Amino acid sequence: MTVELICVGTELLLGNIVNTNAAFIAEKCAMLGLSMYYQSVVGDNQKRLEELIRTAKKRSDIIILSGGLGPTQDDLTKETAAKVMGRTLVEDERAHREIKEFMAKRSHAITENNWKQALVPEGCKVLYNPNGTAPGIIMEDGQTRIILLPGPPNELVPMFEEQVYPYLKESQPEVICSKMVKLCGIGESSAETKILDLIEKQTNPTVAPYAKTGEVHLRITAKAATEEEAYQMIAPVEDELQERFGDLIYTDDPRVSLEMAIYDLLKAKGLTVTTAESCTGGLLAGQLINVPGISEYLKEGYVTYSNEAKEKLLGVPADILRQYGAVSSQTAEAMAAGGANAANADLCIAVTGIAGPDGGSKEKPVGLVYMSCYCKGRWYTQEHRYTGSRSKIREYSVASALTLLRKTILAMDKPADFNNG
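Below is a summary of the structure that appears in this document.

### Things to note about empty space enclosed by the protein
Which parts of space are left empty comes out when a probe the size of a water molecule is rolled across the atoms.
Alright, step 1. By the definition in use, this model includes 2 cavities of 30 Å³ or more.
Alright, step 2. Put simply, the largest cavity is a space of about 50 Å³.
Alright, step 3. Ala95, Glu98, Ile99, Tyr128, Asn129, Gly132, Thr133, Ala134 and Pro135 together form the lining of the largest cavity.
Alright, step 4. Volume-wise, the second largest cavity comes out at about 40 Å³.
Alright, step 5. Forming the walls of the second largest cavity are Leu69, Lys78, Gln117, Ala134, Pro135 and Ile137.

### Overview of the pairing of strand 14 (residues 298–303)
Alright, step 1. Across 4 bridges, strand 13 (residues 273–277) lies against strand 14 in parallel orientation. Its bridge partner being in strand 14, Glu277 is matched across the sheet by Val303.
Alright, step 2. A crossover links strand 13 with its parallel partner strand 14, the connecting element being helix 11 (residues 283–289), and its sense is right-handed.

### Some remarks on the packing of helix 3 (residues 46–59) against helix 4 (residues 77–84)
Alright, step 1. Interaxial distance between helix 3 and helix 4 falls to 10 Å at its minimum, and their mutual angle equals 45°. Judged by the angle between their axes, helix 3 and helix 4 are oblique. Relative to helix 4, the crossing made by helix 3 is right-handed. Within the contact between the two elements, helix 3 uses Gln46, Leu49, Glu50, Ile53, Arg54 and Lys57 and helix 4 uses Thr77, Glu79, Thr80, Ala81, Lys83 and Val84.
Alright, step 2. Grouping the constituent residues of the contact of helix 3 with helix 4 by class yields 4 nonpolar, 3 polar and 5 charged.

### Notes on the layout of surface pockets
Alright, step 1. Taken as a whole, the largest pocket spans an internal volume of roughly 880 Å³.
Alright, step 2. Along its surface, the largest pocket is lined by 35 residues, and Glu27, Met31, Ser178, Arg219 and Thr221 are the ones closest to its centre.
Alright, step 3. Listing elements by their share of the lining of the largest pocket, those giving two or more residues are helix 2 (20–31), strand 2 (35–42), helix 6 (153–170), strand 9 (175–184), strand 10 (206–212), strand 11 (215–224) and helix 9 (227–245).
Alright, step 4. Here the residues of the lining of the largest pocket are counted per class, giving 18 nonpolar, 7 polar and 10 charged.

### Considerations on the packing of aromatic side chains
Alright, step 1. Inspection of the entire model under this criterion finds 4 aromatic pairs.
Alright, step 2. Here Tyr374 and Trp379 contribute two aromatic rings whose centre-to-centre distance is 5.2 Å and whose plane-to-plane angle is 65°, an arrangement assigned as edge-to-face. Trp379 shares its class with Tyr374; the two are buried.
Alright, step 3. Ring centres 5.7 Å apart and planes at 35° place the aromatic pair Tyr386 and Tyr396 in the tilted group. A residue pair is termed long-range when its members are at least 10 positions apart, and Tyr386 in the loop between strand 17 (378–385) and helix 15 (390–410) and Tyr396 in helix 15 qualify at 10 residues.

### Some remarks on the nonpolar core
Alright, step 1. One finds Ile262, Leu266, Leu347, Leu405 and Ile409 to be the most contacted residues of the largest nonpolar core, which totals 37 residues.
Alright, step 2. Among the elements of the structure, helix 10 (258–269), helix 11, strand 15 (347–353), strand 16 (368–375) and helix 15 are those that each provide at least two residues to this core.
Alright, step 3. The greatest single-element share of this core, amounting to 7 residues, is contributed by helix 15.
Alright, step 4. Once residues lying within four places of it in the same chain are set aside, the contact partners of Ile409 are Ile262, Leu265, Leu266, Lys269, Leu271 and Leu347.
Alright, step 5. Counting 27 residues, the second largest nonpolar core, distinct from the first, contains Ala56, Leu69, Ala95 and Val126.

### Some words on the sheet that holds strand 16
Alright, step 1. One open sheet holds the 5 strands; their spatial order is 14-13-15-16-17, and the pairing between them is mixed. Because the sheet does not close on itself, it has two edges, and the strands there are strand 14 and strand 17. Going from strand to strand, the sheet's axes swing by 10° on average, the running direction of each strand aside.
Alright, step 2. Where strand 13 meets strand 15, 5 bridges bridge the pair, whose relative direction is parallel. For Thr274, the partnering residue across the bridge sits in strand 15 and is Cys348.
Alright, step 3. Docked against the sheet, helix 15 engages strand 13, strand 15, strand 16 and strand 17, running at close to 25° with respect to strand 16.

### Quick look at the state of the cysteines
Alright, step 1. Counting across every chain of the model gives 0 disulfides.
Alright, step 2. Counting only cysteine sulfurs, Cys348 is the nearest neighbor of Cys279, a cysteine outside any disulfide, at a range of 14 Å.
Alright, step 3. Judged by its relative accessible area of 4%, Cys279 falls in the buried class.
Alright, step 4. Cys373 carries a free sulfur, and the closest cysteine sulfur to it, the one in Cys375, is 7.0 Å from it.

### Considerations on the sheet that holds strand 1 (residues 2–8)
Alright, step 1. Read across the open sheet, the 6 strands follow the order 2-1-3-8-7-6; overall the sheet is mixed. Either end of the sheet is taken by a strand with one partner, and the two such strands are strand 2 and strand 6 (125–127). Taken pair by pair, the neighbouring strands of this sheet meet at an average axis angle of 15°, ignoring direction.
Alright, step 2. When strand 3 (residues 62–66) meets strand 8 (residues 144–149), the two strands line up parallel, connected through 5 bridges.

### Details of the packing of helix 2 against helix 6
For any two helices packed against each other, one specifies the crossing angle of their axes together with the interaxial distance.
Alright, step 1. Packing of helix 2 against helix 6 brings their axes to within 11 Å, and their N-to-C directions diverge by 15°. With respect to helix 6, the element helix 2 is oriented roughly parallel. The chirality of how helix 2 crosses helix 6 is right-handed. Of the residues in helix 6, those in contact with Thr20, Asn21, Phe24, Ile25, Lys28, Cys29 and Met31 of helix 2 are Pro153, Leu156, Val157, Phe160, Glu161 and Tyr165.

Parameters at a glance
- Residues numbered from 1 in each chain as written.
- Predicted model: local features only at pLDDT ≥ 70, side-chain atom pairs only at ≥ 80, totals over all residues.
- Heavy atoms only, no water.
- 1 Å grid on protein atoms, 1.4 Å probe; cavity = no way out; pocket = protein on both sides within 12 Å on 5 of 7 lines; lining within 4 Å.
- Points joined across faces, edges and corners; volume = space filled by probe spheres on them.
- Pairing = 2+ DSSP bridges.
- Helix = DSSP H or I, 4+ residues; strand = E, 2+ residues; numbered from the N terminus.
- Right-handed = clockwise from strand over helix to strand, strands pointing away.
- Axes fitted to C-alpha atoms, helices over the stretch in contact; angles between N-to-C directions.
- Parallel < 35°, antiparallel > 145°, perpendicular 65-115°, else oblique.
- Left-handed = near helix turned anticlockwise from the far one by under 90°.
- Contact = heavy atoms within 4.5 Å.
- Nonpolar A, V, L, I, M, F, W, Y, C, P; charged D, E, K, R; others polar.
- Phe/Tyr/Trp six-rings, centres within 6.5 Å; stacked < 30°, edge-to-face > 60°.
- Buried < 20%, exposed > 50% of the residue type's maximum accessible area, 1.4 Å probe, protein only.
- Core = buried A, V, L, I, M, F, W, Y, C linked by side-chain atoms within 4.5 Å.
- Disulfide = S-S within 2.5 Å.

If you want it as structure tokens, here you go:
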């Protein structure tokens, strides 16, 4: 079955709102095994919306529209879709009652146009909305189904997950299941090269790489009659990826981030860590602090942007700063050792670099970043050269530093793997 998505709203066309609904709906439809060939965004214009729905009706089995179900005059999605499907609008008593109750709970005055939202196409299935005043709608006409959803994500997401997803799943003869394998410490092109043979001969299951900041995610997808059968097909492919990538894989749980995986390692090994940051200015510590419970293992975080701070807080020798400069492998190592000593931590991850847009030179250009992870008298030290804006360089630096911290923890029992000390 094919599905088409139409997102309605002039604010989307103008870029005033990021269209997160499209990504959410597309991913959910893929999980259901629905083929999506078209996505459109249209403004609050009834003529153009009608033309778009009529076109979609000719080429797709299911049409999903989001937005334009509000109470104002420019909210025309329901009226336009009903016209295309040849339906008149009638009042739904439950929708009327729920709008009244919703507004009363929030002490909001009800205006006459609010009752517009209680009107639904005759003969439709109503998707009641406990999170807002606009009910969703499903209309069926032979082989075509039109599904209308409210625009606000806090209304659309639960309505889709709780009502639309089960409705669509009932009509699907097959299910599509996916498993996400997350890697760090390898680029997308290198990762793809290592699995090119799998990609070239794949049919079902399939493997696809996705680049993230500092990471690569490999999605394994299988289509089968049942979820159990699909996951049985995925298992040997995941085993093969584990064989090829080893420790580069940090999780196969889509809910687990890299910082969460690091927290699990710190907890399992009983280790403490601190951060010593210059160009990242606290972003690295902030990323770790995203994880609940990290306070037991993250002892302190130092932001030492100036040379004076590096000397005062981390004990970086003045002669190292004079001879090699603040942006150097030597300074990164001194920051890491000094941070571990100052905080009495097992590990310290340090970052120093030039985030730009100014401050670079021919010898040390913008984007040059050194990072070092100290662990009990040994270091892992790396040089990176990033491109992009100041914020992007800092973002890349944090991702690489987390990867280096994880690599150091894994190598603690392998002293020969350390490249310094």
